[in-house]
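What follows is each chain in one-letter form.
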Amino acid sequence: MAKHRVFVANRGEIALRIIEACDRLGVETVLGVSAADAQSLPARRAGRTLALGGPRAADSYLNVDAVVHAAVESGCTALHPGYGFLSERAEVARLCAENGLAFVGPKPEHLEALGDKLSARRLAESVGVPVSPGGPTRSADEARELARRIGYPVLVKAAFGGGGRGMKRVDDEAALAAAWELASSEAAASFGDGTVFVERFVEAAKHVEVQVLGDAHGRRIHLFERECSLQYRYQKIVEEAPCPALPERTRGLLHDYALRIADALGYASLGTVEFLVDVGRHDVCFLEVNPRVQVEHPVTEAVTGIDLVREQLLVAFGEPLGVCQEQVRVDGHAIEARLTAQDPAHGMRPAPGRLTRWRPPPVGGVRWDTHMFEGYLFPPYYDALMAKVVAHGPDRASALQRLRVALTGLEVEGPMTTRSLLLELLDTPQIVDDTVTTRWLEDRFARHLRAGSPS
Amino acid sequence: MDIDFEQLAAMVELLKSAEFTEFRYQKGDVCIVVRRGELPAAAAPAPTAAAMPAPAPVVVVESAPRAASTAAAATAAQAATALPEGCETVTAPLLGTFYARPKPGEPAFVKIGDRVDADAVLCIVEVMKLMNSVHAGVSGVIAAVHAQDGQLVEFGQPLFSIVPDAR
C-alpha cells in the first residue's frame, strides 16, 4: 500500500473513529476543526489539527474551500468526510479528485444519481427492485385511478422539491380530489410544477437497511442487514443487527435487492440500501441509498467482525476487498443505543453544557463510541450525540441485557441526557419483542404529551 | 531513539550519486528525511531541485511521525503565547495560505517598523485560489510578523502584531 495521509473532515465520535482506523492502518491523520472543537478529544488524538474557521458549521465543517485547501496544503492524499456535513456532496468528491485527493466515498456521479430521490427510484425500478407503489399524477382523475390500484390510505405530495411541503395523508376517495388540488397548487407555487406524487401510506413499517461494500476492481459484497425502526422525528435511536423480525426468504431478498442496485451503479465504496418492510402486508419497498459510513455501522461490525471504516479506507486507496461474500458470517446479535444530550422530559430539547462527570462502566461485550470526557464543554453548535453504546451478545436477549447494564452503570453529570428514556425503552414489551414500527415512538410521545405530563 | 551514524553516513554517501528530491527512511521510531534543494515551502514557484546543480543534501532527523506532527501543532499554538505585550494582534480570518507580498518577486505589503493605517492591506490569505486581503484594523506600527510567506495558516492564528497609535 502506498503511503497515505488522511484528512478527517468531521467531528465528534466519528472523527475519533476514523482516526482510530487510520492509526491501526499506520496512516497519518490531519483533522480539520472549528474554533469550538480545538480542545476536543479527536483534536488531541489526530496527528495534526488545523482550525478551519469559526464555531458555526457553515464557517468550518461545511466550508468546502477551507476543508479542501487544508487537506491539500497539509500534504494529505485522501479525505474522509464521515457522515453528515460534506459526506454526500458530489461537488466535494469532484473537487477532491481535481486536487489529487482520494475521496473516501463513492464517485461524484454515484452521489448525484443517489442524491436525487426520483433518479434513485428509477434506478431501483430498472433492476427490478420494488419501490413504494405510486407515481406522478397530472390530474385529480389520474390520481384517483392510481389510488384505486394502490389502495388507501395514500400520501400525496409535490413530485419535485422536498422538505415534506404539502405532504398529506388521504384515507378515502372522497377526500382525494380536494387534497390533490391543494397539493398541486402548492407544488406549482413553490416549485413551478404542479405534478403531484401519489404513493401508498405505510402505517406499520419496519426500517431495514442492508450494508454493502464494493471495491474499485468490481467486487461487491453485502454485510447483512440492520433494523432501525425505533425513530423519533426521522432520527434513529436504537439500531440492531441482524433484523430479528424478518422471515429468511425476505432477508435473502433484501440482500439480493441491495446488491442489484450496487451492481447497477458499479458502486465502489461503503454504502447502505434502505428499505421499508410493511409488516401488515409482508412486502418490501426501496427507500434510498446512503452513500457513506452510517452512525449505526458498529452493530454490523460487532456481528460480522469486519472493521467497516478500515475497509472503506482501503477500497478508497484502491486496494481490493480483503473479504469475499462466503467469509461474511453473522455471529450473535448486536444492539446500539444513541445517548444524546437532550431532555426527554421537555420534548427532547437539546441540553449542551459542561460535562462534570463521565464514567462509562466496564461491561463485557459493550463498546462505547464516544468523544466525551470529564470536563468536556458540550458545544451548542452541532448535533446532540454523546455516545453510541453498542452491546454484542450470543442472542438478542443477552445483548439487550448488556446494554441495560451498561447504561445503568454510566455515571454522567452535567448536561441532561436521554439515558432515562433509553432505559425505559429497553424495558418496553414492544421493543423486547421487536414489534415496533417507524412511527411507534412518535405516537408514544404524542400520547405522553396529551396526557399532560410535565412538558 | 538510537541512530547508527555509520549507517547514516553510508546512506548519505549512496544518495550523493543518486537522483532524487526526497528520501524517507523509517525504522522503529526513527525517521530520516533527506531532501535535495530548498525545504519545501508552499511558496511561489521555486526552481525545481532537479534542475539545479546538485546541492548538498539537507538531512532532517525527525522522530516518529506522530511526535513530529504534535510538535508542529504545539508550535502553532505557542505562537499565540509569544506575542509582544501592548500590541494589537491581527489574526487569520480564515484558514489558507499566507502571502506577505502581492505577487512573487514583489516587495512585501509591510515590514517590521512600517506605519500602517487601519485600512491598510497587510497580507493575502489564499483559499482554493481565492485571494482574501487582510486589513490592519488599527493604525500603528508593525512590531512583528508571525507567519512566513507561503505558510498554511489556521483560522485565528496570529499573523501580525501592531503597536497602536496613542489616542
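Residues numbered from 1 in each chain as written. Chains lettered and ligands numbered in written order. Predicted model: local features only at pLDDT ≥ 70, side-chain atom pairs only at ≥ 80, totals over all residues. Heavy atoms only, no water.

Asker: Got a minute to help me understand the overall build of chain A in this structure?
Answerer: When helices and strands are counted, chain A shows 15 helices and 23 strands. Taking 2.2 N^0.38 as the reference for a compact globule, 455 residues should give roughly 23 Å; the C-alpha atoms of chain A span a radius of gyration of 22 Å, in line with that estimate. In terms of its C-alpha atoms, chain A occupies a principal-axis envelope of roughly 65 × 50 × 45 Å. Looking at the 455 residues of chain A, the share that counts as buried comes to 57%. Restricting the contact set of chain A to residue pairs at least 6 apart, pairs at least 24 apart contribute 66%. Here chain A displays about 18,100 Å² of accessible surface, and carbon together with sulfur accounts for 51% of that area. Placing the 52 positive and 60 negative side-chain charges of chain A at their respective mean positions leaves the two points 2 Å apart. (Helix = DSSP H or I, 4+ residues; strand = E, 2+ residues; numbered from the N terminus. Rg over C-alpha atoms; globule rule 2.2 N^0.38 Å. Buried < 20%, exposed > 50% of the residue type's maximum accessible area, 1.4 Å probe, protein only. Contact = heavy atoms within 4.5 Å. Areas by Shrake-Rupley, 256 points an atom, 1.4 Å probe, with all protein chains shown as cover. Lys, Arg positive; Asp, Glu negative; His and termini not counted. Charge placed at Lys NZ, Arg CZ, Asp CG, Glu CD.)

Asker: Could you clarify how one ought to interpret the packing of aromatic side chains in this entry?
Answerer: Residues and elements named next belong to chain A. This model, assessed by the stated rule, comprises nine aromatic pairs over all chains. Each ring, one from Y376 and one from F378, has its centre 6.1 Å from the other, and the planes form 80 degrees; the classification is edge-to-face. A single burial state applies to Y376 and to F378, both of which are buried. Members of the aromatic cluster, each reached through a chain of ring pairs, are Y61, F85, Y381 and Y382. Over the ring of F373 we find R44; its NZ or CZ atom is 4.4 Å from the centre of that ring. (Phe/Tyr/Trp six-rings, centres within 6.5 Å; stacked < 30°, edge-to-face > 60°. Lys NZ or Arg CZ within 6 Å of the ring centre and 35° of its normal.)

Asker: Any chance you could explain the packing of helix 1 (residues 12-25) of chain A against helix 11 (residues 308-316) of chain A here in plain terms?
Answerer: For any two helices packed against each other, one specifies the crossing angle of their axes together with the interaxial distance. Residue and element names in this part refer to chain A. At a minimum axis separation of 9 Å, helix 1 and helix 11 run at an interaxial angle of 70 degrees. On the basis of the axis angle, helix 1 is roughly perpendicular to helix 11. The two elements helix 1 and helix 11 cross, and the hand of that crossing is right-handed. Contacts between helix 1 and helix 11 involve R17, I18, A21, C22 and L25 on the former and, on the latter, L308, V309, R310, L313 and L314. (Axes fitted to C-alpha atoms, helices over the stretch in contact; angles between N-to-C directions. Parallel < 35°, antiparallel > 145°, perpendicular 65-115°, else oblique. Left-handed = near helix turned anticlockwise from the far one by under 90°.)

Asker: Quick question: what am I supposed to make of the confidence of the model for chain B here?
Answerer: Close inspection of predicted coordinates is inappropriate for parts of the model with low pLDDT. Residues and elements named next belong to chain B. This prediction gives chain B a mean pLDDT of 74; 59% of its residues lie at or above 70. Looking across chain B, the model is least confident in strand 3 (residues 58-62), with a mean pLDDT of 41, and most confident in strand 6 (residues 115-116), with 97. Scored below 50 in pLDDT, residues 38-80 shows 54 contacts in the model against residues more than four places distant or in partner chains. Across the whole predicted complex the pTM is 0.80, and at the interface the ipTM reaches 0.76. (pLDDT = per-residue confidence, 0-100.)

Asker: Would you mind showing me how to read the sheet that holds strand 10 (residues 205-214) of chain A here?
Answerer: Remark on secondary structure: sheet strands pair via backbone hydrogen bonds, oriented parallel or antiparallel. Residues and elements named next belong to chain A. The sheet built from eight strands is open, its strands ordered 14-13-10-11-12-15-22-20 with antiparallel pairing. Edge positions in the sheet fall to strand 14 (283-290) and strand 20 (366-370), since each has one partner strand and no second. For this sheet the average axis-to-axis angle between neighbouring strands, irrespective of direction, equals 25 degrees. Each of strand 20 and strand 22 (385-393) touches helix 1; the most contacted strand, strand 20, lies at about 110 degrees to it. Packed on one face of the sheet, helix 10 (residues 297-304) meets strand 10, strand 11 (220-232), strand 12 (235-241), strand 15 (333-340), strand 20 and strand 22 and runs near 155 degrees to strand 15. (Pairing = 2+ DSSP bridges.)

Asker: Mind showing me how you'd approach the nonpolar core here?
Answerer: Among soluble globular proteins, nonpolar side chains are generally buried collectively. Residue and element names in this part refer to chain A. Counting residues in hydrophobic clusters, the biggest one holds 39 residues, and the most contacted among them are L230, I237, W358, W368, M386, L403 and L425. Within the residue set of this core, elements represented by two or more residues are strand 11, strand 12, strand 15, strand 20, strand 22, helix 12 (396-409), helix 13 (419-426) and helix 15 (440-450). Here the element with the most residues in this core is helix 12; it accounts for five residues. Excluding residues within four positions of it along the chain, L403 makes contact with I335, A337, V389, A391 and L426. One finds I18, L213, V293 and L314 within the second-largest nonpolar core, a separate group that totals 37 residues. (Core = buried A, V, L, I, M, F, W, Y, C linked by side-chain atoms within 4.5 Å.)

Asker: What's the story with the pairing of strand 2 (residues 28-34) of chain A in this structure? I'm lost.
Answerer: Along any regular strand the residues' side chains alternate between the sheet's two faces. All names here are of chain A. Here strand 2 lies mainly inside the structure; seven of its seven residues are buried. In terms of strand pairing, strand 1 (residues 5-8) meets strand 2 through four bridges, oriented parallel. If you follow R5 over to strand 2, its bridge partner there is E28. Between the parallel pair strand 1 and strand 2, the chain is carried across by helix 1, and the sense of this crossover is right-handed. Of the strand pairs in this sheet, strand 2 and strand 3 (residues 48-53) are connected by five bridges, and their pairing is parallel. Residue pairing for strand 3: L31 is matched across the bridge by T49. (Right-handed = clockwise from strand over helix to strand, strands pointing away.)

Asker: Honestly, the interface of chain A and chain B in this entry has me stumped. Any pointers?
Answerer: Contacts between the two partners involve 23 residues from chain A, matched on the other side by 16 residues from chain B. Across the chain A/chain B interface, buried area totals approximately 1,600 Å², and carbon plus sulfur atoms make up 61% of it. Between chain A and chain B we count zero salt bridges in total. The interface formed by chain A and chain B includes five residue pairs in polar contact (both at pLDDT 80 or more). Looking at the side of chain A that touches chain B, the elements that each hand over two or more residues are strand 2, strand 3 and helix 3 (64-73) of chain A. Classifying every residue of the side of chain A that touches chain B by side-chain character gives eight nonpolar, eight polar and seven charged. (Buried area = accessible area lost by both parts, 1.4 Å probe. Salt bridge = Lys/Arg side-chain N within 4 Å of Asp/Glu carboxyl O. Polar contact = N/O pair within 3.5 Å; in protein donor to acceptor, adjacent residues only side chain to side chain. Nonpolar A, V, L, I, M, F, W, Y, C, P; charged D, E, K, R; others polar.)

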